[in-house]
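Examining the three-dimensional arrangement
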Amino acid sequence: MNIYDILKSIKSKAILWIMESKPYIWIASNVIPYIRFNFYYTKIRGSQYKKGYGILKPGHIIVSRDHNKLTSLLVGGTWCHASLCVGKGDSSDFEVAEMTHENYGKSEFFDICKTADRVAILECEDWDKEYIEDKVIPTCLSLESADYDYKFQFGIKSLYCSELVYESDPEKRLDVSPEDHAFLGRQYISPTGLYKGKNIKIIWDSDE
């Protein structure tokens, strides 16, 4: 092992040690989510929201980013948040399931867009309609009791945003990239990893 690998290993261990500490978890829950380096609105406009909403359907994966939030800088990669569409319109209690610092969230597509500068809608080409209705959405809804995972570890007791999407796929049909965008020294499923999945199709991107 060369000096570069040794330093990289030390850095990764230090980051993981910090992430497992109680002060970090408190800061990550009560401070970091509210820090934004801009006092103006996010960039998504009503016309973009309407176009995306017209395309959205249950089973779609949503990735988003606020360029000015501290969390965007810490997460790494192009996208900093991922969520799953579980319903649409008045026939559903809520449209989007997501994991945030407030744990399992029941949101609307509008909630995602109003806090983002860029949003994309993704589709897994190996999730057919029957699988989405019978497996993906019921599995996602069954994870409602999960807490937010500040350690970014696999397991359903606690989940981070993109892990909720990943764990909602019980047959693991998603062919996604487990890249270490936050330099933790281990693999995990990130929002950008979902976006780069080999069987992921980009349905809509607000920047295009």
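Up top is the structure these notes are about.
Quick summary incoming for the structure in this document. (Residues numbered from 1 in each chain as written. Predicted model: local features only at pLDDT ≥ 70, side-chain atom pairs only at ≥ 80, totals over all residues. Heavy atoms only, no water.)

As a further point, take the sheet that holds strand S2 (residues 81-85). Paired through their backbone hydrogen bonds, the strands of a sheet run either parallel or antiparallel. Taken together, the six strands give an open sheet; going across it, the order is S4-S3-S2-S1-S5-S8, and neighbouring strands pair in antiparallel fashion. Looking at the sheet topology across the chains shown, the edges are occupied by strand S4 (103-107) and strand S8 (200-205). Between one strand axis and the next, the sheet turns by 30° as a mean value, whatever way the strands run. Taken together, the five bridges between strand S5 (residues 118-124) and S8 define a ladder with antiparallel strand orientation. Across the sheet, Ala-120 pairs through a bridge with Asp-205, a residue of S8. Helix H3 (residues 46-55) rests against S5 and S8 of the sheet, and its axis sits at about 145° to S8. Across the sheet, helix H6 (residues 129-142) touches S2, strand S3 (96-100) and S4, and the angle it forms with S2 is around 120°. (Pairing = 2+ DSSP bridges. Helix = DSSP H or I, 4+ residues; strand = E, 2+ residues; numbered from the N terminus. Axes fitted to C-alpha atoms, helices over the stretch in contact; angles between N-to-C directions. Contact = heavy atoms within 4.5 Å.)

Within this structure, the stated rule accounts for nine aromatic pairs. When the centroid spacing of 5.7 Å and the interplanar angle of 85° are considered together, the rings of Tyr-49 and Phe-110 count as edge-to-face. Here Phe-110 lies in helix H5 (residues 109-114) and Tyr-49 lies in helix H3, a separation of 61 residues in the sequence. On the basis of relative accessibility, which here comes to 22%, the residue Tyr-49 falls in the partly exposed class. With 5.4 Å between their ring centres and 45° between their planes, Trp-79 and Tyr-195 make a pair best called tilted. Separated by 116 residues along the polypeptide, Trp-79 in the loop between helix H4 (70-75) and S2 and Tyr-195 in helix H8 (residues 191-195) bring together distant segments of the chain. The exposure class assigned to Trp-79 is buried, which follows from its relative accessible area of 0%. Within the aromatic cluster, the residues linked to one another by ring pairs are Tyr-49, Tyr-53, Phe-109, Phe-110 and Trp-204. Geometry around Tyr-53 places Lys-88 over its ring, the cationic atom sitting 4.6 Å from the centre. The residue whose ring lies beneath Arg-173 is Tyr-131, and the NZ or CZ to ring-centre distance is 3.7 Å. (Phe/Tyr/Trp six-rings, centres within 6.5 Å; stacked < 30°, edge-to-face > 60°. Buried < 20%, exposed > 50% of the residue type's maximum accessible area, 1.4 Å probe, protein only. Lys NZ or Arg CZ within 6 Å of the ring centre and 35° of its normal.)

By themselves, these are just geometric observations and shouldn't be taken as functional.
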